[in-house]
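Okay, here's what each chain looks like letter by letter:
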Amino acid sequence: MADAKVIPFDDDRSRARRRPSRADGEAAAVRALPGPQEPGLPAARTAEEEPPAPAAPQPPAAGGAGGGWERRLAGGLAFLRRRITGEYEVDEFGYDEELTDQVLMSLLRPLYEKYFRVEVKGVENIPDKGGALIVANHSGTLPLDGLMMQVAVHDRHPAGRHLRLLAADLVFVLPVVNELARKAGHTLACAEDAERLLRAGEIVGVMPEGFKGIGKPFGERYKLQRFGRGGFVSTALRAGVPIVPCSIVGAEEIYPMVGNAKTLARILGLPYFPLTPTFPWLGPLGALPLPTKWTIEFGEPIPTDSYAPEAAEDPMLMFNLTDQVREQIQHALYKLLVQRRSVFF
């Protein structure tokens, strides 16, 4: 099996998608020119004398019901051939755009559209091109909020942009999860990787609360935890990209965490071991998330390109910008909670 090609990170990986033209599939009309007649043949009629010929029946269009499944089958077979032969591209972080678009997004989309029924607001605040850092709250015991945010950016943004999430070390030591995370475009939550992505014009997502946010008790839901020392602000300043605050409502209730088995967590090497009303009491069935109604809102971007490069070393500026982003997310959470009719509807 051939190895997958690795493309330089700063290359343009966007694939031009061919749009069918109106000329495709249409036969050009050919008219007979008047000329000398052979002996014994009747003279050709003029256009006025020629009666209109009955229209010939046209075959069904390729894009109709008859051809749609054939195109999908052909596309699926071509995709499988490229995977088997290794004729696909990944960047230096392991991101596989084709696999993400055609497989991973398709697996997440039913959860996004049908189960959590995600409503997206303010997606126009994400720039159409160039880098941007999306900073969001983190919750839900399992990091489904990051995945749903990734689908929201990809499916709802007019430019169909891809979100590259920064993930904790634990993600990249788990078998299977490690490979899927890399293929989906996630990378280690470190300043160096984040800055390289931003300078290359990517949309990067970070959730500064980390495990403190995702593993907090249900009684502290929608109360933002500490945002660290402002490392994400420093990264955005160095790259000169805007910071887009993002508020997610609905994820807090999918696994109401009413307890934490700390001893078991230490044995398993986990940051926490959640106890919910259904898990672990109902076994695998208890791991099913509750079907809450979600809202994801992208707030007004905070520009950073007006600051000098050395501003990234100013601790007071880091503190002020970090606090500004945190407060903007917290206020948006309160506003969305007031507007919410129900947890499930």
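Rules behind the numbers
- Residues numbered from 1 in each chain as written.
- Predicted model: local features only at pLDDT ≥ 70, side-chain atom pairs only at ≥ 80, totals over all residues.
- Heavy atoms only, no water.
- Axes fitted to C-alpha atoms, helices over the stretch in contact; angles between N-to-C directions.
- Helix = DSSP H or I, 4+ residues; strand = E, 2+ residues; numbered from the N terminus.
- Parallel < 35°, antiparallel > 145°, perpendicular 65-115°, else oblique.
- Contact = heavy atoms within 4.5 Å.
- Nonpolar A, V, L, I, M, F, W, Y, C, P; charged D, E, K, R; others polar.
- Buried < 20%, exposed > 50% of the residue type's maximum accessible area, 1.4 Å probe, protein only.
- Pairing = 2+ DSSP bridges.
- Right-handed = clockwise from strand over helix to strand, strands pointing away.
- Salt bridge = Lys/Arg side-chain N within 4 Å of Asp/Glu carboxyl O.
- Patch = residues over 30% accessible without salt bridge, like charges linked within 9 Å, V, L, I, M, F, W, Y side chains within 5 Å.
- Areas by Shrake-Rupley, 256 points an atom, 1.4 Å probe, with all protein chains shown as cover.

*Asks:* Which parts of the structure should I look at to understand the packing of helix α2 (residues 97-115) against helix α3 (residues 144-156)?
*Replies:* Close contact between α2 and α3 brings their axes to 10 Å; oriented N to C, the two are set at 110°. The pairing of α2 with α3 is recorded here as roughly perpendicular in orientation. Between α2, through D101, M105, L108, R109, L111 and Y112, and α3, the contact on the second element is made entirely by L147, M148, Q150, V151, A152, H154, D155 and R156. Residue composition of the contact of α2 with α3, grouped by class: eight nonpolar, two polar and four charged.

*Asks:* Before we go on, may I ask you to explain the pairing of strand β5 (residues 163-167) in this structure?
*Replies:* Every other side chain in a regular strand lies on the same face of the sheet, so the side chains alternate between the two faces. Taking burial as the measure, the five residues of β5 include five buried ones, the bulk of the element. Of the two faces of β5, both are covered, the one formed by L163, L165 and A167 as well as the one formed by R164 and L166. Pairing between β5 and strand β7 (residues 203-206): three bridges, direction parallel. For L165, the partnering residue across the bridge sits in β7 and is G205. Across two bridges, the pairing between β5 and strand β6 (residues 187-188) is parallel. In the sheet register, L166 faces β6, and the bridge partner there is T187. A crossover connection joins β5 to the parallel β6 through helix α4 (residues 177-183); in handedness this β-α-β unit is right-handed.

*Asks:* Any chance you could explain the pattern of salt bridges here in plain terms?
*Replies:* Where side chains of opposite charge bring their charged atoms close, a pairing between them can arise. One pass over the full model with this rule turns up 16 salt bridges. Across the pair R83 and E98 runs a salt bridge whose closest N-O atoms are separated by 3.2 Å. Highlighted residues: R83 in helix α1 (residues 65-85) and E98 in helix α2, separated in sequence by 15 residues. Both residues of the pair, R83 and E98, belong to the buried class. In this structure, E92 and R196 form a salt bridge, with 2.2 Å as the shortest nitrogen-oxygen distance. Residue E92 is found in the loop between β2 (89-90) and α2, and its partner R196 is found in helix α5 (residues 191-199); the two are separated by 104 residues along the sequence. Residue classification places R196 among the partly exposed residues on the basis of a relative accessible area of 37%.

*Asks:* Looking at this structure, how should I read a nonpolar patch on the surface?
*Replies:* On the surface, W69, L73, L77, L80 and I84 cluster together into a nonpolar patch covering about 530 Å² of accessible area. Tracing the backbone through its elements, the reader meets L73 in helix α1.

*Asks:* Got a minute to help me understand the environment of I134 in this structure?
*Replies:* Tracing the backbone through its elements, the reader meets I134 in strand β4 (residues 132-136). Given the relative accessible area of 0%, I134 is considered buried. Placed 72 residues apart in sequence, I134 and V206 show a C-alpha to C-alpha distance of 6.3 Å.

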